[in-house]
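The residues making up each chain are set out below.
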Amino acid sequence: MTTSKLIDGKAVAETIKKEIAEEVAAMIDADLKAPHLAAILVGNDPASETYVASKEKACHAVGITSTTYRLPGSTTEKELNQVIDFLNQDDDVDGFILQLPLPKHLNADHFIERIHPSKDVDGFHPVNIGRMQLGLPCYLPATPYGVVELLKRSKVAVAGKHCVVVGRSNIVGTPLSILLSRKSEFGNATVTLCHSRTANLKSLTLQADILIAAIGQADFIQADMVKPGAVVIDVGIHRLSDTSKEKGYRLAGDVNFEQVKSVASYITPVPGGVGPMTIVSLLQNTLSASQNRVYSKP
Ligand code: GUN
């Protein structure tokens with residue numbers, strides 16, 4: 001039995017936040033305006049409220065201006081289009097996000113396509129996804145960007161390794177599989193992308209040097225699915241009711257942490273692993289947007 005070392009996403013995220021805060025301070029010293037991130041929140045989904053509040057807090061901590069447009073759950077397609085069009089042309093806003101999920105009557109794909117790619121700091125627009133695939137400058141989606149940055153800063157080499165990604169969502173699993181397999185400085189891994197229709201999943205996860213769980217099911221990855229010495233990255237976050245806790249719940253990931261920690265060489269905890277890195281990646285994209293590092297302003 002081994003005892004794995006923790007990959008401390010919270011500490012890495014704090015380091016990156018300090019770097020961002022220094023860059024923002026230097027911009028202000030140079031009489032430039034602070035970067036400005038806007039968020040659109042439609043309706044009152046409690047998880048989305050929490051995410052948006054965390055993003056506002058993180059912006060504040062590094063000196064990035066943040067504005068949240070709160071719209072009622074009854075917002076029409078036309079009204080949401082108008083807010084997106086307004087933010088697309090507002091020169092004061094460097095980038096903005098449309099918090100997902102949207103109420104059922106609004107089609108997220110339509111609105112994501114309406115965001116101008118140069119302001120799409122979530123990296124969800126088809127243009128940014130396509131540019132990522134081609135290795136062109138783009139905004140990387142926050143969670144995959146955070147996972148790659150976490151591996152890089154934890155000195156986990158990925159080139160030549162077998163990375164098994166469990167979960168093929170548009171915002172995590174699929175872009176992560178592209179990033180890790182790209183011919184680029186931090187890529188060159190051999191990637192297997194698994195999903196709900198994968199046959200013999202366990203036989204594949206057991207081959208992983210780096211196993212990334214992004215399937216959206218609590219405690220899904222068990223110890224017998226992990227190769228001894230593998231690096232395990234847990235993207236999931238779930239609230240499970242637990243009456244023994246003061247709050248009445250506990251947070252769990254997609255990995256059964258208590259089991260897997262004695263098999264893996266390195267493992268991310270939940271909370272305090274990938275989560276803090278996701279927000280920091282959004283801050284990095286916003287900073288890049290304000291410095292015209294990805295798309296130059298006309
Ligand atoms: N909902 C859950 N995660 C995200 C995210 O990273 N961006 C947006 N816009 N919505 C989300």
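Caption draft 1: Structural context of the site of the ligand. Taken together, Lys 55, Leu 98, Gln 99, Leu 100, Asp 122 and Phe 124 make up the full set of residues near the ligand. Separating a nitrogen atom of the ligand from a backbone N or O atom of Leu 98 is a distance of 2.7 Å. Between Leu 100 and the ligand, the recorded distance is 2.9 Å, taken from a backbone N or O atom to a nitrogen atom. The protein chains hide 83% of the 280 Å² of surface that the ligand would expose on its own. Tallied by class, the residues present in the shell around the ligand amount to 3 nonpolar, 1 polar and 2 charged.

Caption draft 2: Structural detail: the packing of helix α1 (residues 9–29) against helix α10 (residues 274–290). Contact geometry of α1 with α10 gives a least axis separation of 9 Å together with a crossing angle of 20°. One finds that α1 runs roughly parallel with respect to α10. Of the two elements, α1 crosses α10, and the hand of that crossing is left-handed. Touching Gly 9, Lys 10, Val 12, Ala 13, Ile 16, Lys 17, Ile 20, Glu 23, Val 24 and Met 27 of α1 are Pro 276, Met 277, Val 280, Leu 283, Gln 284, Leu 287 and Ser 290, all from α10. When grouped by side-chain class, the residues that make up the contact of α1 with α10 number 11 nonpolar, 3 polar and 3 charged.

Caption draft 3: A nonpolar patch on the surface, seen in detail. On the surface, a cluster of nonpolar side chains totalling about 260 Å² of accessible area is made up of Tyr 51, Ile 237 and Leu 251. Inspection of the secondary structure puts Ile 237 in the loop between β8 (231–234) and β9 (238–241).

Caption draft 4: View of the pattern of salt bridges. Inspection of every chain in the model, using the stated rule, returns 13 salt bridges. Of the charged contacts, one joins Glu 49 and Arg 70 as a salt bridge, the two residues approaching to 4.0 Å between their closest N and O atoms. You can see Glu 49 sitting in helix α2 (residues 46–62) and its partner Arg 70 sitting in strand β3 (residues 65–71), a full 21 residues away along the chain. Overall, the relative accessible area of 29% leaves Glu 49 in the partly exposed class. The exposure class assigned to Arg 70 is partly exposed, which follows from its relative accessible area of 48%. Several salt bridges converge on common partners, so that one network encompasses Glu 19, Glu 149, Lys 152 and Arg 153.

Caption draft 5: Representation of α10. For α10, with 17 residues, the first-to-last C-alpha span of 25 Å sits near the 24 Å given by 1.5 Å per residue. Among the 17 residues that make up α10, 15 are buried, leaving the element largely enclosed by the rest of the structure. Downstream of α10 by one or two residues, Asn 292 has phi in the positive range, about 55°.

Caption draft 6: Fine view of the sheet that holds β3. Spatial ordering of the open sheet is given by β3-β2-β4, a layout of 3 strands whose pairing is parallel. Two strands close off the open sheet at either side, each with one partner strand: β3 and β4 (95–98). Neighbour-to-neighbour, the strand axes of this sheet turn through a mean angle of 15°, independent of strand direction. Note: strand β2 (residues 36–42) against β4, 4 bridges, orientation parallel. By the bridge assignment for β4, Leu 37 is matched with Gly 95. Packing against the sheet, α2 makes contact with β2, β3 and β4, and its axis sits at approximately 160° to β3.

Caption draft 7: Broad picture of the pairing of strand β7 (residues 210–213). Here β7 shows no split at all, with Ile 210 and Ile 212 on one side and Leu 211 and Ala 213 on the other all buried. The pairing of strand β5 (residues 162–166) with β7 spans 4 bridges and is parallel. For Val 165, the partnering residue across the bridge sits in β7 and is Ile 212. In this sheet, β8 lies alongside β7 in parallel orientation, the contact comprising 4 bridges. The residue bridging Ile 212 from the neighbouring strand is Ile 233, located in β8.

Calculation notes
- Residues numbered from 1 in each chain as written.
- Predicted model: local features only at pLDDT ≥ 70, side-chain atom pairs only at ≥ 80, totals over all residues.
- Heavy atoms only, no water.
- Near = heavy atom within 4 Å.
- Polar contact = N/O pair within 3.5 Å; in protein donor to acceptor, adjacent residues only side chain to side chain.
- Areas by Shrake-Rupley, 256 points an atom, 1.4 Å probe, with all protein chains shown as cover.
- Nonpolar A, V, L, I, M, F, W, Y, C, P; charged D, E, K, R; others polar.
- Axes fitted to C-alpha atoms, helices over the stretch in contact; angles between N-to-C directions.
- Helix = DSSP H or I, 4+ residues; strand = E, 2+ residues; numbered from the N terminus.
- Parallel < 35°, antiparallel > 145°, perpendicular 65-115°, else oblique.
- Left-handed = near helix turned anticlockwise from the far one by under 90°.
- Contact = heavy atoms within 4.5 Å.
- Patch = residues over 30% accessible without salt bridge, like charges linked within 9 Å, V, L, I, M, F, W, Y side chains within 5 Å.
- Salt bridge = Lys/Arg side-chain N within 4 Å of Asp/Glu carboxyl O.
- Buried < 20%, exposed > 50% of the residue type's maximum accessible area, 1.4 Å probe, protein only.
- Expected span 1.5 Å × (residues − 1).
- Pairing = 2+ DSSP bridges.

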